[in-house]
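# Examining the three-dimensional arrangement
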Amino acid sequence: TMKKINIAIDGPAGAGKSTVSRKVASELGYIYIDTGAMYRALAWKAIHSNVDIQDGQVLSSMLESTNLQLTYAIDGNRIFVDDNEVTDDIRSSEVTASVSAVSAHAGVREKMVKKQQDLASSKGAVLDGRDIGTTVLPQAELKVFLTASVEERAKRRHFENVEKGRSSDLQMIMNDIQLRDDKDSTRKISPLIKAEDAVEIDTTSLSADEVAESICSLALERIQKQ
Ligand code: CDP
Ligand code: CDP
(Lines give C-alpha, C1' and ligand atoms only; values in the text may rest on other atoms or scores of the structure.)
(Ligands and ions follow the chains in the order given, each with its own letter.)
Protein backbone atom coordinates (compact mmCIF):
# COMPACT_ATOMS: atom_id res chain seq x y z
CA THR A 1 0.00 0.00 0.00
CA MET A 2 1.04 3.56 -0.63
CA LYS A 3 2.66 5.51 2.20
CA LYS A 4 0.71 8.52 3.34
CA ILE A 5 2.11 12.03 3.55
CA ASN A 6 1.00 15.30 5.11
CA ILE A 7 0.31 18.33 2.93
CA ALA A 8 0.62 21.91 4.24
CA ILE A 9 -1.24 24.65 2.39
CA ASP A 10 -0.70 28.26 3.48
CA GLY A 11 -1.50 31.67 2.08
CA PRO A 12 -3.56 34.82 2.60
CA ALA A 13 -7.38 35.10 2.78
CA GLY A 14 -9.19 34.17 -0.43
CA ALA A 15 -6.18 32.54 -2.10
CA GLY A 16 -8.29 29.38 -2.46
CA LYS A 17 -6.77 27.34 0.35
CA SER A 18 -9.92 25.70 1.69
CA THR A 19 -11.52 25.03 -1.70
CA VAL A 20 -8.34 23.52 -3.10
CA SER A 21 -7.44 21.61 0.11
CA ARG A 22 -10.87 19.98 0.13
CA LYS A 23 -10.45 18.86 -3.48
CA VAL A 24 -6.94 17.53 -2.92
CA ALA A 25 -7.99 15.65 0.23
CA SER A 26 -10.95 14.07 -1.51
CA GLU A 27 -8.82 13.10 -4.52
CA LEU A 28 -6.22 11.39 -2.30
CA GLY A 29 -8.66 10.01 0.29
CA TYR A 30 -7.05 12.15 2.99
CA ILE A 31 -8.69 14.17 5.77
CA TYR A 32 -8.89 17.95 5.44
CA ILE A 33 -8.18 20.06 8.52
CA ASP A 34 -9.25 23.70 8.28
CA THR A 35 -7.09 25.33 10.97
CA GLY A 36 -8.64 28.76 10.32
CA ALA A 37 -11.99 27.31 11.42
CA MET A 38 -10.42 26.41 14.78
CA TYR A 39 -9.31 30.03 15.40
CA ARG A 40 -12.72 31.21 14.18
CA ALA A 41 -14.44 28.86 16.64
CA LEU A 42 -12.49 30.35 19.54
CA ALA A 43 -13.29 33.88 18.32
CA TRP A 44 -16.96 32.86 18.15
CA LYS A 45 -16.89 31.63 21.76
CA ALA A 46 -15.09 34.79 22.93
CA ILE A 47 -17.77 36.97 21.36
CA HIS A 48 -20.58 34.88 22.86
CA SER A 49 -18.98 34.83 26.31
CA ASN A 50 -18.20 38.54 26.29
CA VAL A 51 -14.48 37.87 26.64
CA ASP A 52 -12.05 40.64 25.69
CA ILE A 53 -10.34 39.46 22.48
CA GLN A 54 -7.20 41.42 23.45
CA ASP A 55 -6.77 39.36 26.64
CA GLY A 56 -4.51 36.46 25.68
CA GLN A 57 -4.47 34.88 29.16
CA VAL A 58 -8.23 34.68 29.47
CA LEU A 59 -8.54 33.44 25.90
CA SER A 60 -5.98 30.68 26.28
CA SER A 61 -7.48 29.42 29.53
CA MET A 62 -10.89 29.55 27.88
CA LEU A 63 -9.48 27.42 25.05
CA GLU A 64 -8.13 24.96 27.62
CA SER A 65 -11.66 24.34 28.91
CA THR A 66 -13.35 24.32 25.51
CA ASN A 67 -14.47 21.14 23.80
CA LEU A 68 -13.49 21.90 20.19
CA GLN A 69 -14.54 19.10 17.83
CA LEU A 70 -14.05 18.68 14.09
CA THR A 71 -15.90 16.04 12.11
CA TYR A 72 -14.98 14.97 8.60
CA ALA A 73 -17.53 14.07 5.94
CA ILE A 74 -17.68 14.04 2.14
CA ASP A 75 -20.26 16.81 2.14
CA GLY A 76 -18.03 19.01 4.28
CA ASN A 77 -16.37 19.27 7.65
CA ARG A 78 -18.37 20.42 10.64
CA ILE A 79 -17.16 22.18 13.73
CA PHE A 80 -18.55 22.12 17.26
CA VAL A 81 -17.83 24.27 20.32
CA ASP A 82 -18.96 22.61 23.58
CA ASP A 83 -21.51 20.57 21.59
CA ASN A 84 -22.97 23.56 19.71
CA GLU A 85 -22.53 23.34 15.95
CA VAL A 86 -20.86 26.56 14.75
CA THR A 87 -20.01 25.51 11.17
CA ASP A 88 -21.94 28.40 9.61
CA ASP A 89 -21.77 30.93 12.45
CA ILE A 90 -17.96 31.11 12.38
CA ARG A 91 -18.16 32.69 8.88
CA SER A 92 -20.03 35.78 10.14
CA SER A 93 -18.50 39.21 9.61
CA GLU A 94 -18.35 39.67 13.38
CA VAL A 95 -16.16 36.60 13.79
CA THR A 96 -14.11 37.50 10.72
CA ALA A 97 -13.40 40.94 12.19
CA SER A 98 -12.22 39.48 15.53
CA VAL A 99 -10.31 36.36 14.52
CA SER A 100 -6.92 37.94 13.73
CA ALA A 101 -6.75 39.50 17.22
CA VAL A 102 -7.66 36.15 18.81
CA SER A 103 -5.10 34.23 16.75
CA ALA A 104 -2.24 36.63 17.57
CA HIS A 105 -1.91 35.51 21.22
CA ALA A 106 1.03 33.19 22.00
CA GLY A 107 -0.90 31.02 24.49
CA VAL A 108 -3.75 30.52 22.03
CA ARG A 109 -1.40 29.58 19.19
CA GLU A 110 0.59 27.15 21.30
CA LYS A 111 -2.53 25.17 22.20
CA MET A 112 -4.01 25.27 18.71
CA VAL A 113 -0.74 24.10 17.14
CA LYS A 114 -0.66 21.09 19.52
CA LYS A 115 -4.25 20.15 18.63
CA GLN A 116 -3.45 20.45 14.92
CA GLN A 117 -0.31 18.32 15.23
CA ASP A 118 -2.34 15.65 17.05
CA LEU A 119 -4.99 15.64 14.33
CA ALA A 120 -2.29 15.14 11.67
CA SER A 121 -0.18 12.62 13.59
CA SER A 122 -1.20 9.55 11.60
CA LYS A 123 -0.48 11.29 8.25
CA GLY A 124 -2.83 11.35 5.31
CA ALA A 125 -3.95 14.90 6.13
CA VAL A 126 -4.21 18.16 4.23
CA LEU A 127 -4.00 21.16 6.57
CA ASP A 128 -4.58 24.73 5.50
CA GLY A 129 -3.81 27.91 7.37
CA ARG A 130 -1.10 30.52 7.79
CA ASP A 131 1.71 28.72 9.66
CA ILE A 132 1.30 25.07 8.69
CA GLY A 133 4.53 24.79 6.69
CA THR A 134 6.56 26.91 9.10
CA THR A 135 5.28 25.88 12.55
CA VAL A 136 2.57 23.22 12.68
CA LEU A 137 4.13 20.70 10.28
CA PRO A 138 7.69 21.83 9.49
CA GLN A 139 8.37 18.21 8.38
CA ALA A 140 5.41 18.02 5.98
CA GLU A 141 6.39 16.11 2.83
CA LEU A 142 4.66 18.71 0.64
CA LYS A 143 4.25 22.42 1.35
CA VAL A 144 2.33 24.78 -0.89
CA PHE A 145 2.00 28.56 -0.62
CA LEU A 146 -1.01 29.93 -2.53
CA THR A 147 -1.23 33.58 -3.54
CA ALA A 148 -3.45 35.76 -5.75
CA SER A 149 -3.84 39.51 -6.18
CA VAL A 150 -5.90 41.19 -3.45
CA GLU A 151 -8.46 42.33 -6.06
CA GLU A 152 -8.94 38.76 -7.27
CA ARG A 153 -9.21 37.41 -3.72
CA ALA A 154 -11.82 40.02 -2.77
CA LYS A 155 -13.82 39.26 -5.94
CA ARG A 156 -13.85 35.54 -5.12
CA ARG A 157 -15.24 36.18 -1.64
CA HIS A 158 -17.77 38.63 -3.09
CA PHE A 159 -19.05 36.15 -5.72
CA GLU A 160 -19.25 33.46 -3.06
CA ASN A 161 -21.49 35.73 -0.93
CA VAL A 162 -23.67 36.71 -3.86
CA GLU A 163 -24.06 33.04 -4.83
CA LYS A 164 -25.14 32.14 -1.30
CA GLY A 165 -27.58 35.06 -1.19
CA ARG A 166 -25.62 36.90 1.50
CA SER A 167 -25.32 40.66 1.40
CA SER A 168 -21.87 41.66 0.20
CA ASP A 169 -19.85 44.78 -0.48
CA LEU A 170 -16.73 44.32 -2.59
CA GLN A 171 -14.93 47.35 -1.16
CA MET A 172 -15.60 46.22 2.42
CA ILE A 173 -14.29 42.74 1.65
CA MET A 174 -11.17 44.22 0.08
CA ASN A 175 -10.59 46.35 3.20
CA ASP A 176 -11.12 43.38 5.53
CA ILE A 177 -8.75 41.20 3.52
CA GLN A 178 -6.04 43.85 3.47
CA LEU A 179 -6.40 44.48 7.19
CA ARG A 180 -6.22 40.75 8.00
CA ASP A 181 -3.30 40.14 5.60
CA ASP A 182 -1.48 42.93 7.36
CA LYS A 183 -2.27 41.69 10.91
CA ASP A 184 -1.49 38.07 10.04
CA SER A 185 1.82 38.91 8.30
CA THR A 186 3.16 41.29 10.92
CA ARG A 187 2.26 39.50 14.17
CA LYS A 188 5.20 38.43 16.34
CA ILE A 189 4.37 34.73 16.68
CA SER A 190 4.42 32.54 13.56
CA PRO A 191 3.28 35.20 11.08
CA LEU A 192 2.03 34.37 7.61
CA ILE A 193 5.19 33.74 5.57
CA LYS A 194 6.13 31.26 2.90
CA ALA A 195 8.24 28.37 4.22
CA GLU A 196 11.59 28.21 2.45
CA ASP A 197 10.80 24.80 0.98
CA ALA A 198 7.20 25.59 -0.05
CA VAL A 199 6.09 25.52 -3.69
CA GLU A 200 4.48 28.89 -4.48
CA ILE A 201 1.48 28.96 -6.83
CA ASP A 202 0.01 32.26 -8.02
CA THR A 203 -3.65 31.34 -8.55
CA THR A 204 -4.83 34.73 -9.87
CA SER A 205 -5.67 33.36 -13.31
CA LEU A 206 -6.16 29.68 -12.45
CA SER A 207 -9.33 27.78 -11.59
CA ALA A 208 -9.58 25.89 -8.30
CA ASP A 209 -9.57 22.62 -10.28
CA GLU A 210 -6.34 23.56 -12.04
CA VAL A 211 -4.67 24.41 -8.75
CA ALA A 212 -5.89 21.19 -7.11
CA GLU A 213 -4.62 19.17 -10.06
CA SER A 214 -1.11 20.67 -9.80
CA ILE A 215 -1.00 19.97 -6.08
CA CYS A 216 -2.18 16.38 -6.59
CA SER A 217 0.62 15.72 -9.08
CA LEU A 218 3.16 17.17 -6.68
CA ALA A 219 1.69 15.00 -3.92
CA LEU A 220 1.90 11.83 -6.01
CA GLU A 221 5.57 12.57 -6.75
CA ARG A 222 6.30 12.99 -3.04
CA ILE A 223 4.31 9.87 -2.12
CA GLN A 224 6.33 7.79 -4.58
CA LYS A 225 9.54 9.03 -2.96
CA GLN A 226 8.44 7.68 0.44
O1 CDP B 1 -10.65 31.63 4.98
P2 CDP B 1 -10.00 32.90 5.40
O3 CDP B 1 -8.73 33.12 4.68
O4 CDP B 1 -10.91 34.07 5.43
O5 CDP B 1 -9.55 32.76 6.89
P6 CDP B 1 -9.30 31.45 7.71
O7 CDP B 1 -8.36 30.55 7.01
O8 CDP B 1 -10.61 30.95 8.14
O9 CDP B 1 -8.50 32.06 8.94
C10 CDP B 1 -9.07 33.03 9.78
C11 CDP B 1 -7.98 33.68 10.60
O12 CDP B 1 -7.40 32.74 11.50
C13 CDP B 1 -6.80 34.25 9.83
O14 CDP B 1 -7.05 35.57 9.37
C15 CDP B 1 -5.70 34.21 10.87
O16 CDP B 1 -5.76 35.32 11.76
C17 CDP B 1 -6.04 32.99 11.69
N18 CDP B 1 -5.26 31.79 11.34
C19 CDP B 1 -3.99 31.67 11.86
O20 CDP B 1 -3.51 32.59 12.51
N21 CDP B 1 -3.26 30.55 11.65
C22 CDP B 1 -3.76 29.54 10.94
N23 CDP B 1 -3.03 28.43 10.78
C24 CDP B 1 -5.04 29.65 10.36
C25 CDP B 1 -5.77 30.80 10.57
O1 CDP C 1 -9.47 29.40 2.10
P2 CDP C 1 -9.17 30.68 1.40
O3 CDP C 1 -9.57 31.87 2.18
O4 CDP C 1 -7.74 30.78 0.95
O5 CDP C 1 -10.03 30.70 0.05
P6 CDP C 1 -11.37 29.90 -0.32
O7 CDP C 1 -12.41 30.25 0.67
O8 CDP C 1 -11.08 28.48 -0.56
O9 CDP C 1 -11.71 30.46 -1.79
C10 CDP C 1 -12.44 31.58 -2.08
C11 CDP C 1 -13.24 31.40 -3.38
O12 CDP C 1 -12.39 31.45 -4.53
C13 CDP C 1 -14.05 30.11 -3.51
O14 CDP C 1 -15.37 30.49 -3.87
C15 CDP C 1 -13.40 29.35 -4.66
O16 CDP C 1 -14.32 28.64 -5.43
C17 CDP C 1 -12.76 30.46 -5.48
N18 CDP C 1 -11.55 30.11 -6.26
C19 CDP C 1 -10.53 29.37 -5.71
O20 CDP C 1 -10.65 28.93 -4.56
N21 CDP C 1 -9.37 29.09 -6.40
C22 CDP C 1 -9.20 29.55 -7.64
N23 CDP C 1 -8.07 29.29 -8.29
C24 CDP C 1 -10.21 30.32 -8.21
C25 CDP C 1 -11.38 30.58 -7.49
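Structure: see above.
The paragraphs below set out a description of the structure included in this document. Every value quoted in this text rests on a predicted model; they were computed, and no experiment measured them. (Residues numbered from 1 in each chain as written. Chains lettered and ligands numbered in written order. Predicted model: local features only at pLDDT ≥ 70, side-chain atom pairs only at ≥ 80, totals over all residues. Heavy atoms only, no water.)

## What about the site of ligand 1?
- Around ligand 1, a shell composed of 19 residues is seen, among which Arg 40, Arg 109, Asp 131, Arg 180 and Asp 184 lie nearest.
- A distance of 2.9 Å separates an oxygen atom of ligand 1 from a polar atom in the side chain of Ser 103.
- Here Arg 187 contributes a side-chain N or O atom positioned 3.0 Å from an oxygen atom of ligand 1.
- When residues of the shell around ligand 1 are assigned to their parent elements, the largest contribution, 4 residues, is made by helix H2 (residues 35-48).
- Its residues assigned to classes, the shell around ligand 1 shows 3 nonpolar, 6 polar and 10 charged. (Near = heavy atom within 4 Å. Polar contact = N/O pair within 3.5 Å; in protein donor to acceptor, adjacent residues only side chain to side chain. Helix = DSSP H or I, 4+ residues; strand = E, 2+ residues; numbered from the N terminus. Nonpolar A, V, L, I, M, F, W, Y, C, P; charged D, E, K, R; others polar.)

## A closer look at the pairing of strand S1 (residues 6-10)
- Most of S1 is tucked away: 5 of the 5 residues are buried.
- Of the two faces of S1, the one carrying Asn 6, Ala 8 and Asp 10 and the one carrying Ile 7 and Ile 9 are both buried.
- Where S1 and strand S6 (residues 125-129) come together, 5 bridges link them in parallel fashion. Its bridge partner being in S6, Ala 8 is matched across the sheet by Leu 127.
- Sheet topology note: the S1/strand S7 (residues 142-147) ladder contains 4 bridges and is parallel. Paired with Ile 7 across the bridge in S7 is Leu 142. (Buried < 20%, exposed > 50% of the residue type's maximum accessible area, 1.4 Å probe, protein only. Pairing = 2+ DSSP bridges.)

## Here we look at the environment of Thr 203
- Considering the arrangement of structural elements, one finds Thr 203 in the loop between strand S8 (199-202) and helix H9 (208-224).
- In this structure Thr 203 comes out as buried when scored by relative accessible area, which is 2%.
- Taking C-alpha positions, Thr 203 is 9.5 Å from Arg 153, a pair spaced 50 residues apart along the chain.
- Beyond its immediate stretch of four places on either side in the chain, Thr 203 contacts Ala 15, Leu 146, Thr 147, Ala 148, Arg 156 and Val 211. (Contact = heavy atoms within 4.5 Å.)

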